[in-house]
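Summary of structural features
For reference, the chains in residue letters:
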Amino acid sequence: MTAVDLETPRLGYADVPRLADGEKLTRKDFTSDMEARWCPGCGDYAILSTVQGMLPDLGLKRENVVFVSGIGCSSRFPYYVETYGMHSIHGRAPAIATGIATTRSDLSVWVVTGDGDALSIGGNHLIHALRRNVNLKILLFNNRIYGLTKGQYSPTSEQGKITKSSPMGSVDHPFNPVSLALGADATFVARSTDTDRAHLSSILKAAADHRGTAFVEIYQNCLIFNDGAFVAVKDREQQQERAVWLTDGQPVAVGPEGNRRVLVRDAAGHVAYVPEAEADPTRVVVHDEHAEDPGQAFAISRLDDAEMSTVPLGIFRNVSRPTYDDGVRAQIATATGRLGHEAGSDDLRKVLLGNDTWTVG
Amino acid sequence: MSDGSLTSHGPSTDHGSRLRMTSKSVQQVDRVVIRFAGDSGDGMQLTGDRFTSETAAIGNDLATLPNYPAEIRAPQGTIPGVSSFQLHFADHHVLTPGDAPDVLVAMNPAALKANMADMPRGSTIIVNTDEFTKRNLAKVGYAESPVADGSLESWHVHALPLTSMTVQALAEFDALTKKDKERAKNMFALGLLSWLYNRSTTGTEAFLHKKFGANPDILQANLKALRSGWNYGETTEDFAVSYVVNPAEMSPGTYRNVTGNAATAYGMAAGALRTGRPLALGSYPITPASDILHVLSGLKQLGVTTMQAEDEIAGIGMALGAAFAGAIALTTTSGPGLALKSETIGLAISLELPLVIVDVQRGGPSTGLPTKTEQADLLQAMFGRNGEAPCVVLAPQSPVDCFDMSVESIRLATKYMTPVILLTDGYLANGSEPWLVPQVDDLPDLTVHLATKLNGTDAAGNKVFHPFLRDPETLARPWAVPGTPELEHRIGGIEKADVTGAISYDPDNHDHMTRLRAAKIDGIAKDIPALEVEDPSGEADVLVLGWGSTYGPVAAAVRAVRNGGGKVARAHLRHLNPFPANTGEVLKRYSHVIVPEMNSGQLALLLRAKYLVDIDSYTSVRGLPFSTVELADVLGRAVGVTTAEKETTR
């Protein structure tokens, strides 16, 4: 059978042509000649630079990489990367990217989106891409504000936020993007920040390796309309107190040495942090990103409260499930395989004739 | 039904080997219109389909029109729940499914009541009296049974207990419940009609074997019901004669019967094959377009990719992504779906990527009449986008023409790098007619040449790729797909500079690009056939101009008017944007131009605006195609002749 084996986990770019041995691209090769036009100091610059620095490590032919975006500040991203790219319309990038990835297994397809683009106008496409597990890498730049339209609250803005469109405070309850992705049965879910180059780069590499939809939420600072939104977790000192660095096989813990608290699960299944010294070792939650059941990953995602008193960062979930695009191509391969040759005029003629013909003359 | 009669005691046609003999007298007629009507659960669509198939096999020309409710099972026995299937077959070229049936098969009182207005006096009505109970009669407001109270005395009524005769015929099937047996009554009716019109039942028997092969009892019961219906016709005194309709003269070749939706799916598969690129469909189910998705989903062996999306917007989004990636991209929908896709069509126009959008028009606005036909999306297809966003608009004229126009839509989309909207409608989509199956190698060669090389130099003199450098002839830009070395480029919905494709907010560039995009579409007029006028007299002052699915009724009405001595010219538009180059010249040649449309005058509006000519707009939005009689009356009055009340034959 020519159909691909859906059981073996393969790299996200397994079918993408690779550079010849010894050939290596650089950050510069992934830098287009278009001058980036984000506001000075925007977190998007840092993310762009990290992405351009990470791409050569994949060893892929540049012409087989595609970036697709929607609308918003983050969605200008494809213009600045020297690959194939499409700056599309608001919210629709996951659908467009699905069409690209499904018809072409030889492409590494990346979606760049924002909190408004992915979670508001494009929410439907996002959850369906995630449940289908299309072989896409979705980078959600979350700045918790509408930047391009000059500062309205977004679906991730905290309740009560004062903006131009919410002078008395937003009454909207926000989404937690990681919880949403896990709820949509995403197979790879991670979170990082714009300025932590080393961490973001490792997460992006893991996302690229993952076969299926990899969802990466990137906390991104909007200097103009929501400056300091993530200072609680990006500021070095505060980070020590609040960041929960998720590491596969390690206890889920927060706080500096000597003042560490670990996550424990009580008999009723509830999770809470307790000082490390007081924790019952049998009840400590050990992170397992490969767990089939997303329940624990979801529980961890809920630890991220409005005050950002603790913020999990890293890979929440990384499991293998057959991808949509592989499945679609496998069915076509099965059908054409039954034919035994590449479809031609005779095969089409057979279809056109159907089962019930008659002849005149 | 007139013409000479003949008596036969043997096989009545050349196809006798496939027919059992009838010992009754056989009358030859040139055309028949039959309507099968019943509850939506009575299997009338299937019955009609089977009768059509047998009729096609005999070599009659034919056209069909299913008419069914939007609800899957509307309340039983009510008028909204009536489902019908009309078939017009003849020994000559058939243009429409026919106006007035010669025969109505009414499986219950609702079916009778819903269709009675269409039945001319003297026509034949077969009713299933088992269903004419007090309760069922009351449901549709009959105080007395119309079969018994004399109100039908001007019609030939055959009052037959079809259900109980079926149950009786199946008495030996102990394993089946009464309900199972009753369900076979449509096969009994089909058997009877097959006898009445000397149709073979071989094909239907083979069909039943295939459908019920896994369930021998049901299979045998249906076969028995079918044969019992045939035998009943043969033995009962209720039917004195049966009828034959001789084969029509048709071009030699191999034929099949095809619906517009199937022809659309096949045309897209064929067009894509001729380009050498794979076909990719992104689609969200919607009535009456879903059958295109169904058919294409079954053509994976031809390399066809189908993606059932989460919504209409994703459907076209997936298709657009596939287009960017180098596939022949298609999305299929109906009116409300076209509205949802409009932003993405605008993007495709801005990106200048090939994309085919099929809109199977239905009654609107909003949800409107999902299962009924209309032509009211023309202006939406023309203008339903933000900004100046022209694209190609095409409309097939018949179910079979859906194939050719699908191929044409792929030709224009790929040659000119543009979205193409193909406007079919519910009438074409579900209607069917015989199709001379084309030889694939006779279809146009649509080979696509993707860009492979750098095509320009930048200011510094370096060789570069310009994604918006145009072919001087077609004004199309190159199609460079991911995976092509050196041609990496970015495109988007923001206005781009001519040639380089770089983002540009320059006022003059935007004006230039807006005009270029329009000129590209307008220029296609040079690449499509001229508008042909058919005027046998050469002296007509009146022109009737149709578009899309009005072709059949308009042509049939013109035939009727000419038979009555009227002089009328006829032309038909299949290309709506751009119009054929000579359209204005044709319109100005006639003192009176009549445009019948199933909308409120949308084509008339376009023609008046573009060509500054007066148009006599004749419109109807009843969810049904025009009747021949209605249009013949309109045209007849315009040319001063009276047409026969009944549809003329040839």
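Our subject is the structure that appears above.
This is a predicted model, so every value here is computed, not measured. (Residues numbered from 1 in each chain as written. Chains lettered and ligands numbered in written order. Predicted model: local features only at pLDDT ≥ 70, side-chain atom pairs only at ≥ 80, totals over all residues. Heavy atoms only, no water.)

**Describing the pairing of strand 8 (residues 156-160) of chain B**
All names here are of chain B. Both strand 7 (residues 124-128) and strand 8 contribute to a ladder of five bridges, which runs parallel. Residue pairing across strands places isoleucine 126 opposite histidine 158, the latter belonging to strand 8. Taking the sense of rotation as the criterion, the β-α-β connection linking strand 7, helix 3 (residues 134-139) and strand 8 turns out right-handed. (Pairing = 2+ DSSP bridges. Helix = DSSP H or I, 4+ residues; strand = E, 2+ residues; numbered from the N terminus. Right-handed = clockwise from strand over helix to strand, strands pointing away.)

**Examining helix 4 (residues 123-132) of chain A**
The buried fraction of helix 4 of chain A is high, at seven of 10 residues. Where helix 4 of chain A is concerned, the buried positions are A:Gly123, A:His125, A:Leu126, A:His128, A:Ala129, A:Leu130 and A:Arg132. (Buried < 20%, exposed > 50% of the residue type's maximum accessible area, 1.4 Å probe, protein only.)

**Re the state of the cysteines**
Going through the model one piece at a time under the given rule, you end up with zero disulfides over all chains. Among the cysteines around A:Cys73, which has no disulfide bond, A:Cys39 carries the closest sulfur, lying 6.4 Å off. Note on A:Cys73: relative accessible area 25%, which makes it partly exposed. No disulfide involves B:Cys391; its sulfur sits 18 Å from the nearest other cysteine sulfur, which is in B:Cys402. (Disulfide = S-S within 2.5 Å.)

**Focus: the side chain of A:Arg349**
Tracing the backbone through its elements, the reader meets A:Arg349 in helix 11 (residues 345-353). The buried charged residue A:Arg349 lacks any salt bridge, with A:Asp346 as its nearest oppositely charged partner at 7.4 Å. Aside from chain neighbours lying at most four places away, what touches A:Arg349 is B:Thr254, B:Val437, B:Pro438, B:Gln439 and B:Val440. (Lys, Arg positive; Asp, Glu negative; His and termini not counted. Salt bridge = Lys/Arg side-chain N within 4 Å of Asp/Glu carboxyl O. Contact = heavy atoms within 4.5 Å.)

**Overview of the sheet that holds strand 25 (residues 592-597) of chain B**
Note on sheets: strands pair through backbone hydrogen bonds, and any given pair is parallel or antiparallel. Residues and elements named next belong to chain B. Strands sit in the order 21-23-22-25-26 across an open sheet of five strands; the sheet is mixed. Each edge of the open sheet is held by one strand with a lone partner, namely strand 21 (533-534) and strand 26 (616-619). Examined bridge by bridge, strand 25 and strand 26 share four bridges and lie parallel to one another. Across the sheet, the residue bridging to glutamate 597 is threonine 619, located in strand 26. The sheet strands contacting helix 17 (residues 551-563) are strand 21, strand 22 (542-547), strand 23 (569-573) and strand 25, and the helix crosses strand 23 at an angle near 175°. (Axes fitted to C-alpha atoms, helices over the stretch in contact; angles between N-to-C directions.)

**What about the packing of aromatic side chains?**
Geometry of an aromatic ring pair is reported as the spacing of the ring centres plus the angle between the planes. For the structure shown, the criterion picks out 18 aromatic pairs over all chains. Considering the side-chain rings of A:Trp38 and A:Tyr45, the 5.4 Å spacing of their centres and the 90° angle between planes classify their relative orientation as edge-to-face. A residue is classified by how much of its surface remains accessible, and A:Trp38, at 7% relative accessible area, is buried. Here the aromatic cluster, defined as three or more aromatic residues joined through ring pairs, consists of A:Trp38, A:Tyr45, A:Phe67, A:Phe77, A:Tyr80, A:Trp110 and A:Phe141. Directly above the ring of B:Tyr142 sits B:Lys113, whose terminal nitrogen or CZ lies 5.0 Å from the centroid. Here the guanidinium or amino end of B:Arg477 rests over the ring plane of B:Phe468, the centre of that ring lying 4.7 Å away. (Phe/Tyr/Trp six-rings, centres within 6.5 Å; stacked < 30°, edge-to-face > 60°. Lys NZ or Arg CZ within 6 Å of the ring centre and 35° of its normal.)

**With respect to the nonpolar core**
Residue and element names in this part refer to chain B. Within the largest apolar cluster, 163 residues are counted, with the highest numbers of intra-cluster contacts made by Leu296, Leu353 and Leu603. Those residues in contact with leucine 603 that sit more than four places away from it in its chain are Leu378, Leu545, Trp547, Leu573, Leu576, Phe579, Val595 and Glu597. Among the nonpolar cores identified, the runner-up in size contains 48 residues, and Leu62, Leu170, Ala225 and Trp230 belong to it. (Core = buried A, V, L, I, M, F, W, Y, C linked by side-chain atoms within 4.5 Å.)

**Considerations on the interface of chain B and chain A**
In this complex, chain B contributes 71 residues to the contact, which on the side of chain A involves 58 residues. With both chains or domains summed, chain B and chain A bury close to 5,200 Å², and 63% of this area falls on carbon and sulfur atoms. Interface area lost by chain B to chain A is led by B:Glu310, B:Glu488 and B:Arg490, which between them contribute 14%. The tally of links between chain B and chain A comes to three salt bridges. The partner of A:Arg62 in a salt bridge is B:Glu488, with the nearest N and O atoms 3.2 Å apart. Linking chain B with chain A are 26 residue pairs in polar contact (both at pLDDT 80 or more). Elements with a contribution of two residues or more to the side of chain B that touches chain A: helix 1 (44-58), strand 10 (253-259), helix 9 (260-275), strand 12 (305-308), helix 11 (312-324), helix 12 (335-351), strand 17 (432-436) and strand 20 (490-492) of chain B. Residue classes in the side of chain B that touches chain A are distributed as 41 nonpolar, 20 polar and 10 charged. In the sheet, strand 12 (residues 357-360) of chain A pairs with strand 10 of chain B via four bridges, with the strands oriented antiparallel. (Buried area = accessible area lost by both parts, 1.4 Å probe. Polar contact = N/O pair within 3.5 Å; in protein donor to acceptor, adjacent residues only side chain to side chain. Nonpolar A, V, L, I, M, F, W, Y, C, P; charged D, E, K, R; others polar.)

**Concerning the environment of B:Leu152**
Residue and element names in this part refer to chain B. Counting through the fold element by element, leucine 152 comes out in the loop between helix 3 and strand 8. Taking relative accessible area as the criterion, leucine 152 reaches 8% and is therefore assigned buried. With 470 residues separating them along the chain, leucine 152 and arginine 622 place their C-alpha atoms 27 Å apart.

**Let's talk about the packing of helix 6 (residues 185-196) of chain B against helix 8 (residues 216-235) of chain B**
Residue and element names in this part refer to chain B. Closest axis-to-axis distance for the helix 6/helix 8 pair is 6 Å, and the angle between their directions is 40°. Between helix 6 and helix 8, the angle falls in the class oblique. In the crossing of helix 6 with helix 8, the sense of the turn from one axis to the other is right-handed. Only Asn222, Ala225, Leu226, Ser228, Gly229, Trp230, Tyr232, Gly233 and Glu234 of helix 8 make contact with helix 6, whose side of the interface consists of Met187, Phe188, Leu190, Gly191, Leu192, Ser194 and Trp195. Each residue belonging to the contact of helix 6 with helix 8 can be placed in one class, and the counts come to nine nonpolar, six polar and one charged. (Parallel < 35°, antiparallel > 145°, perpendicular 65-115°, else oblique. Left-handed = near helix turned anticlockwise from the far one by under 90°.)

**What to know about the sheet that holds strand 11 (residues 311-318) of chain A**
Within the open sheet, the nine strands sit side by side as 7(A)-11(A)-5(A)-6(A)-4(A)-3(A)-1(A)-2(A)-20(B). Their pairing is mixed. Unpaired on one side and paired on the other, strand 7 (243-245) of chain A together with strand 20 of chain B mark the two borders of the sheet. Direction aside, neighbouring strands of the sheet carry axes that sit 20° apart on average. As paired elements, strand 1 (residues 65-69) of chain A and strand 2 (residues 84-87) of chain A share four bridges and run parallel to each other. Pairing of A:Ser69 across the sheet is with A:His87, part of strand 2 of chain A.

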